[in-house]
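For reference, the chains in residue letters:
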Amino acid sequence: VCILDKIKAPFWGEVDAFEFGQKLYNYWGLGDPGLGNGILLLVAITDRKAAIVTGVSAQKVVTDHQGTKIIAEIGDALRAGDIGGAIEVALDRFLRSARGLY
């Protein structure tokens, strides 16, 4: 989970939330090396943007469609300023997806 005020990284140029998340995912080396099993939830508060970035293997668990649904589900909590609640919902959905329940 990465919570930012704004998406801003001059060394990466102008990027949207997803592209910023991809770059951050790779820079941090999330997941097990070589397995592509990491998941990143990126939330930019002031920019009012969120993105879910997954490694290749993790995409089988949290598909792009499910990621879009999760972001829609956490939107109300984020708009209300309940960042912790939004993260809890997202993590619950990730776990449910891993168990084939979402």
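See the structure shown above.
Residues numbered from 1 in each chain as written. Predicted model: local features only at pLDDT ≥ 70, side-chain atom pairs only at ≥ 80, totals over all residues. Heavy atoms only, no water.

Before going further, it helps to spend a moment on the pairing of strand β2 (residues 39–44). Counted residue by residue, β2 has five buried out of six residues, so it is predominantly covered. Handedness of the strand β1 (residues 2–4)-helix α1 (residues 17–28)-β2 crossover: right-handed. With six bridges connecting them, β2 and strand β3 (residues 49–54) associate as antiparallel partners. Across the sheet, residue Ala44 finds its bridge partner in β3, namely Lys49. (Buried < 20%, exposed > 50% of the residue type's maximum accessible area, 1.4 Å probe, protein only. Helix = DSSP H or I, 4+ residues; strand = E, 2+ residues; numbered from the N terminus. Right-handed = clockwise from strand over helix to strand, strands pointing away. Pairing = 2+ DSSP bridges.)

When their charged atoms lie close together, side chains carrying opposite charge are able to pair. Applying the stated rule across the entire model yields four salt bridges. The salt bridge involving Glu73 is made with Arg93; its shortest N-O contact spans 2.7 Å. Linking Glu73 in helix α2 (residues 64–79) with Arg93 in helix α3 (residues 83–98), this pair joins segments that are 20 residues apart in sequence. The exposure class of Glu73 is partly exposed, given its relative accessible area of 33%. Taking the relative accessible area as the measure of exposure, Arg93 reaches 16% and is therefore buried. (Salt bridge = Lys/Arg side-chain N within 4 Å of Asp/Glu carboxyl O.)

Turning our eyes to something else, we now look at the nonpolar core. Within soluble globular proteins, side chains that are nonpolar generally end up buried alongside one another. One finds Cys2, Ile7, Ala17, Phe20, Leu24, Leu40 and Leu42 to be the most contacted residues of the largest nonpolar core, which totals 13 residues. Breaking this core down by element, the ones donating at least two residues are α1, β2 and β3. The element best represented in this core is α1, accounting for four residues. Aside from chain neighbours lying at most four places away, what touches Cys2 is Leu24, Trp28, Leu40, Leu41, Leu42 and Val43. Grouped together as the second largest cluster of nonpolar side chains are 11 residues, Ile70, Ala77, Ala86 and Ile87 included. (Core = buried A, V, L, I, M, F, W, Y, C linked by side-chain atoms within 4.5 Å. Contact = heavy atoms within 4.5 Å.)

What follows deals with the environment of Ala86. Within the secondary structure, Ala86 sits in helix α3. Residues Ala86 and Ile70, 16 residues apart in the sequence, show an inter-C-alpha distance of 9.5 Å. With sequence-adjacent residues up to four places away left out, Ala86 is seen in contact with Ile74, Ala77 and Leu78.

That's the geometry; what it means functionally is another story.
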